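Single-letter residue listing:
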Amino acid sequence: MQTASAPDPEIEVLFSADQIAARLDSLATTLSGRLPREIVVISLLKGSFMFAADLMRMLHNNGLVCRVEFITISSYGDETTSSGELTISGTVPKDLAGRVVLLIDDILDTGRTLHWTHEKLVAAGAAEIVTCVLLDKPSRRVVPFQADFVGFTIPDRFVVGYGIDYAQRYRELPYIGAMPG
Ligand code: IMP
Ligand code: MG
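Now for a look at the structure at hand. For every chain, the first residue of its written sequence is number 1, and the numbers climb from 1 along that sequence. Think of it this way: whatever chain is written first is A, whatever ligand is written first is 1, and the rest follow in order. Local features in a predicted model are, by the rule used here, given only for residues with pLDDT of at least 70; side-chain atom pairs are given and counted only at 80 or more, and totals for whole chains, interfaces and linings are based on all residues. Think of the side-chain values as coming from all heavy atoms in the structure, minus any hydrogens and water.

### Looking at the site of ligand 1
Applied cut-off: We call a residue near a molecule or strand when any one of its heavy atoms sits within 4 Å of it. In the analysis that follows, any N or O atom pair within 3.5 Å is treated as a polar contact, provided that within protein one partner can donate a hydrogen and the other can accept it, and provided that, for residues neighboring in sequence, both atoms belong to side chains. Helix numbers and strand numbers start at the N terminus; a helix is a DSSP run of H or I with at least 4 residues, a strand a run of E with at least 2.
Taken together, 16 residues form the shell around ligand 1, and within it Asp106, Thr110, Thr113, Lys137 and Val159 come nearest. The separation between an oxygen atom of ligand 1 and a polar main-chain atom of arginine 112 is 3.4 Å. Within the contact set of ligand 1, an oxygen atom lies 2.5 Å away from a side-chain nitrogen or oxygen of threonine 113. Those elements giving two or more residues to the shell around ligand 1 turn out to be strand 5 (100-108) and helix 3 (112-123).

In structure tokens, the structure reads:
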């Protein structure tokens, strides 16, 4: 049996698993004070699955009741620069009218993904949409968009780990790191 592996030498660790857990704990406390008891969590796949799973367990510990839905949406293909075109597979969840939605994504980059998704959720009749992203790269914005809650603000680096991929690799890393270059 293998023990926990050392960080991948190619990847520069930006946030350790412990740092992520501590930040999520404080985010969950803030979110719980801001949100009603019953919410609909919408997690954008694939990148936010790990963040959403960990955050939801913490929200539960703070007394929240969550329905969870997913939308698969991507803009990167296998490149490290955004193609600018969003690929949407799957549909916007039903029965959102009058509901408070916590919209979760891994990274707020150009803003296209969250801008598009936010519009769809408004059109679906959500009573309120609160956005929470693990990482924000404000210097990369093309479409104006501000998240209500941000885990960490980072410079323009291509990052991987903790659910986030480069060409479908590295999602399983328990930490967040930057690719070389
Ligand atoms: P936006 O539509 O440009 O804001 O892109 C957001 C999406 O691009 C995120 O949900 C990520 O999936 C992806 N993305 C942005 N930056 C990175 C990165 O550094 N590594 C991996 N994926 C990224
Ligand atoms: Mg994504």
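So much for the structure itself; the text now carries on.
### Looking at the sheet that holds strand 8 (residues 159-160)
Worth spelling out the cut-off: The pairing criterion is simple: DSSP has to find at least two bridges between the two strands.
Taken in spatial order, the three strands line up as 1-9-8 in an open sheet, and their pairing is antiparallel. Each of the sheet's edge strands pairs with one partner strand only, and the pair in question is strand 1 (12-15) and strand 8. Where strand 8 meets strand 9 (residues 176-178), two bridges bridge the pair, whose relative direction is antiparallel. Each bridged residue has a counterpart across the sheet, and for valine 160 the counterpart in strand 9 is glycine 177.

### Points about the packing of aromatic side chains
Here is the rule: A pair of Phe, Tyr and Trp rings is counted when the ring centres sit within 6.5 Å of each other, with Trp represented by its six-membered ring. The angle between the planes then sorts it: under 30 degrees is stacked, over 60 is edge-to-face, the rest tilted. Throughout this description, buried means an accessible area under 20% of the type-specific maximum (1.4 Å probe, protein chains only), exposed means over 50%, and partly exposed covers the range between.
The tally for this structure, following the rule as stated, stands at two aromatic pairs. Residues phenylalanine 15 and phenylalanine 152 carry aromatic rings whose centres are separated by 3.8 Å and whose planes lie at 20 degrees to one another, so their mutual orientation is stacked. Placement of phenylalanine 15 in strand 1 and of phenylalanine 152 in strand 7 (residues 149-153) is noted, with a sequence separation of 137 residues between them. Like phenylalanine 15, the residue phenylalanine 152 is buried in the burial classification. An angle of 80 degrees between the planes, with centres 5.9 Å apart, marks the rings of phenylalanine 158 and tyrosine 166 as edge-to-face. The class of phenylalanine 158 is buried, set by a relative accessible area of 16%.

### Section: the sheet that holds strand 5
Heads up, the rule is: For helices, the axis comes from a line fit to the C-alpha atoms of the stretch in contact; other axes are also lines fit to C-alpha atoms, and the angle between any two N-to-C directions lies between 0 and 180 degrees. Contact between two residues is taken to exist if any of their heavy atoms lie within 4.5 Å; hydrogens are not considered.
The strand order across the open sheet formed by six strands is 4-3-2-5-6-7, and the pairing between neighbours is mixed. Whereas interior strands pair on both sides, the edge strands pair on one side only; in this sheet they are strand 4 (87-89) and strand 7. Taken over all neighbouring pairs, the strand axes of this sheet differ in orientation by 25 degrees on average, direction set aside. Sheet analysis places strand 3 (residues 65-74) next to strand 4, joined by three bridges and oriented antiparallel. Across the sheet, residue isoleucine 73 finds its bridge partner in strand 4, namely isoleucine 88. Helix-sheet contacts for helix 1 (residues 17-34) involve strand 5, strand 6 (128-136) and strand 7, and the interaxial angle to strand 7 is about 160 degrees.

### Brief notes about unusual backbone geometry
Following leucine 45, the chain continues into lysine 46 via a peptide bond in cis, with omega recorded as 5 degrees. With respect to the secondary-structure elements, lysine 46 resides in the loop between strand 2 (38-45) and helix 2 (49-61). Despite not being glycine, aspartate 95 has its phi angle at roughly 60 degrees, a positive value. Inspection of the secondary structure puts aspartate 95 in the loop between strand 4 and strand 5. Located in the positive-phi region is alanine 167, a residue other than glycine, with phi close to 50 degrees. As for its placement among the helices and strands, alanine 167 is situated in the loop between strand 8 and strand 9. Residue classification places alanine 167 among the partly exposed residues on the basis of a relative accessible area of 32%.

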